[in-house]
Amino acid sequence: MFHSIKSKFLALCLSSLCVLGLAVGAVSLTALTRATSREEFENMNRIAELYRSELDMLLVQTEDVVAFGATGLRNNLGQAADFADGGQRARITAELDSVMRDTLLSLPEARAYYTYYAPELTGGASDGEWCVREDEHSAFRRRQWYQVSEFLPENQQDVAWYRAAAETGHGRWSSPHYSVAQGMYVISYVVPVFREGQFLGVVGADLNFLAILRSLEQRQVYETGYAFLTDETGKTHYHIESPQGVEEDHLGARLLDQDVIHGSVSADDALSRYLVNGMTYDVATCMLRNGMELRVIAPTSEVQREARATVLQFLSVLIFCLIFFAVVTLVITQRITRHLQALSSAAREIAHGNLDVQIHVESDDEVGRLAGVLQHTVDSLARLHRLTFNDGLTGILNRLGIDKALEDWHAQAQGTPAVLISLDIDDFKFINDLLGHAAGDEALRALARRLRDFFGRTALVARNGGDEFTVLLPATTAAQAERLLSELTQTPQHYLYGGVERSFTLSIGYVSYPDQAESLRDLTRYADAALYATKLKGKNGFSRYAAEQEQVDRAKLSFSLRDISQNLPGAIIVCSAADGKVLYANDEAFRLLGCTDLDDFAAYTQKDVVRILYPGDRTETIVSVRSQTAKGEARQAYVRCRVRTKEGAVRYVLVFARKRASAYYGEVYYIVMVEEKEPA
């Protein structure tokens, strides 16, 4: 069928091109599908996590108020026998009422709070506390209190909180239920109070369950999605229209798939897919503090809309590229007659994903040039692959690289102890602002080398971005990690810039696997929380993750030091207190002394602050500044003197100096000079 070299080569090129295009397309499409699927999963779970955190905040606030009231009841009572004294009970009740009333008024969902004393201690007296409000804008009003034994059988749900708390012996949330006494659906948090092993009573609060459901109804999930609550089994659903709860299949819902992204995340975080009235829905689930589940549901078509558009766009580009290269092949086939085997072999290697292939074609004709171009393309793709997963500045893994490495490790960890570390450079912005970004880059490179050398080959070391680094220590316990981090932070880290060795310190946070966290998301979040805790403790150290660290408000404000110093209406100079060496000067200082820039300033002063003073004023000015800064807590001085410009002109200035300790340079003077008119 193919009689000429041209036809044979054409057939070979076209077939190779198709194989290459299909292979690249299949691999790329698979990777793109996985990436977009993961993005869909993360977006749904991010929405669910946001709503969950808001609801948990309400539950935590309620728990804190009730627990505080229970602690107050326990601490204000001398002996359990004191409950027989009605006056004593009334005093304690009044104190608890004041605290709980003021606090719960700030929670719009709070509808009632109560203190109930065990009848066997009060002699049967009904003198507990029960306060109720009708809505979030009204005040709490006291209601008639009854003994548990006085409730009618049909109203026993209103006192189920008492029986459950007394039986379990610890604080607990009730399931949603209808309170006949309040005329609404509520959930209750009740804490039993014991003293010396004796049950004293309970302290509790009720939240308006309809108000919680109403707040969820107002949440937007894509275009038509919504959020709702279920019981701990997920079988009973609660909506604003059915606060009493309905079965999960009440709309004909049928579970299609428990893990719609097929193992790319853990089973606990996977989405579920349901079929409801002929339409598929994706569902993300989060567990609340009270044992209920928060579910976020949206039509699958809405969740996957952007992903499908991306896939279609990719297929269009791929088809265009295939057609384009097919046309090019037809045009140049008649000029290509040699070294076909080498090019074909290289094409097959590339199609199988080998980007380290070397094309050996020694020819000066078109085939040789094509081979050179193809080799250059493959080399560029290989470099691009390395740049994708490695940091260009430090050479270690970047954010994508460490994410992939952590996923590979986590898939094989199987509970083997490990430690994830998050760290950054203390006051890195100071290094950039004071010395420039080149100095900051050198500090980052030095730290990357230090981390690789210190933790060894088995550790995964990565730069997330900026001055933030991540280190994974596989097969390492928390105790072993603490010894390593203690050694690492005992002395400052060093880097060389401008021929001068400079130092910096580190703030470090770490979390251990699997005892503190098992999922990668939790490990990363907990390590960051521990790092931030170190920052709050004063930096230059390390902290292990603790649950309370996640409650810290992380809002920050920043402003460029360079912007401030260069725009203040005065000459600013920072110098060493020991030898007067100039460490910093702003543009106004250059102008005052007649210098054009930092190099001109350094050449004129020889980096000695004394040289800018007029010779006749030097001794008196130095003595005055040192004398004033040695006195009092302010350690500051005010001096009028003369300075000499580079051209020899004399200018009169008012000098403000303050002596302070620097972590980098020891004792330094911060000097501000304001030019004055020549005295008359």
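Up top is the structure.
Since the model is a prediction, treat every value here as computed from it, not as a measurement. (Residues numbered from 1 in each chain as written. Predicted model: local features only at pLDDT ≥ 70, side-chain atom pairs only at ≥ 80, totals over all residues. Heavy atoms only, no water.)

A. Fine view of the sheet that holds strand β24 (residues 636-644). Across the sheet, which stays open at both edges, the five strands sit in the order β23-β22-β26-β25-β24 with antiparallel pairing between neighbours. Lying at the two open borders of the sheet, with one neighbouring strand each, are β23 (582-585) and β24. Strand-to-strand twist of the sheet, defined as the mean angle between neighbouring strand axes without regard to direction, takes the value 25°. The pairing of strand β22 (residues 571-576) with strand β26 (residues 666-676) spans six bridges and is antiparallel. Counterpart to S576 in the pairing with β26 is V668. (Pairing = 2+ DSSP bridges. Helix = DSSP H or I, 4+ residues; strand = E, 2+ residues; numbered from the N terminus. Axes fitted to C-alpha atoms, helices over the stretch in contact; angles between N-to-C directions.)

B. Spotlight on the packing of helix α12 (residues 437-455) against helix α13 (residues 478-489). As a packed pair, α12 and α13 sit with axes 12 Å apart at the nearest point and diverge in direction by 140°. By the angle between their directions, the pair α12 and α13 is classed as oblique. When you trace α12 past α13, the crossing you get is right-handed. Judged by residue contacts, R450, L451, F454 and F455 of α12 engage L484, L485, E487 and L488 from α13. Residue composition of the contact of α12 with α13, by class: six nonpolar, no polar and two charged. (Parallel < 35°, antiparallel > 145°, perpendicular 65-115°, else oblique. Left-handed = near helix turned anticlockwise from the far one by under 90°. Contact = heavy atoms within 4.5 Å. Nonpolar A, V, L, I, M, F, W, Y, C, P; charged D, E, K, R; others polar.)

C. Focus on the pattern of salt bridges. For the coordinates displayed, the defined rule picks out 26 salt bridges. Among the ionic pairs, R635 bridges to E667, the shortest N-O distance being 2.8 Å. Of this pair, R635 sits in the loop between α18 (618-629) and β24 while E667 sits in strand β26; the two residues are 32 residues apart in sequence, bridging distant segments of the chain. Take R635: its relative accessible area is 26%, and that puts it in the partly exposed class. (Salt bridge = Lys/Arg side-chain N within 4 Å of Asp/Glu carboxyl O. Buried < 20%, exposed > 50% of the residue type's maximum accessible area, 1.4 Å probe, protein only.)

D. The arrangement of the pairing of strand β15 (residues 418-425) in detail. For β15, the tally of buried residues reaches eight of eight residues, placing the bulk of the element in the interior. Two strands pair when backbone bridges link them, and β15 and strand β17 (residues 468-474) are joined in this way by seven bridges, in the antiparallel orientation. Residue pairing across strands places L420 opposite L472, the latter belonging to β17.

E. Structural context of the sheet that holds β15. Strand order in the open sheet made by the five strands is β16-β17-β15-β20-β21, with mixed pairing throughout. What marks the edges here is a single partner per strand, and that holds for β16 (460-465) and β21 (541-544). Mean inter-strand twist for the sheet, computed between neighbouring axes without regard to direction, equals 20°. The pairing of β15 with strand β20 (residues 506-513) spans eight bridges and is antiparallel. Opposite S422, over in β20, you have G509 as the bridge partner.

F. Broad picture of the environment of V24. By the element assignment, V24 lies in helix α1 (residues 5-76). As for V24 and I350, which are separated by 326 residues in sequence, their C-alpha atoms are 8.8 Å apart.

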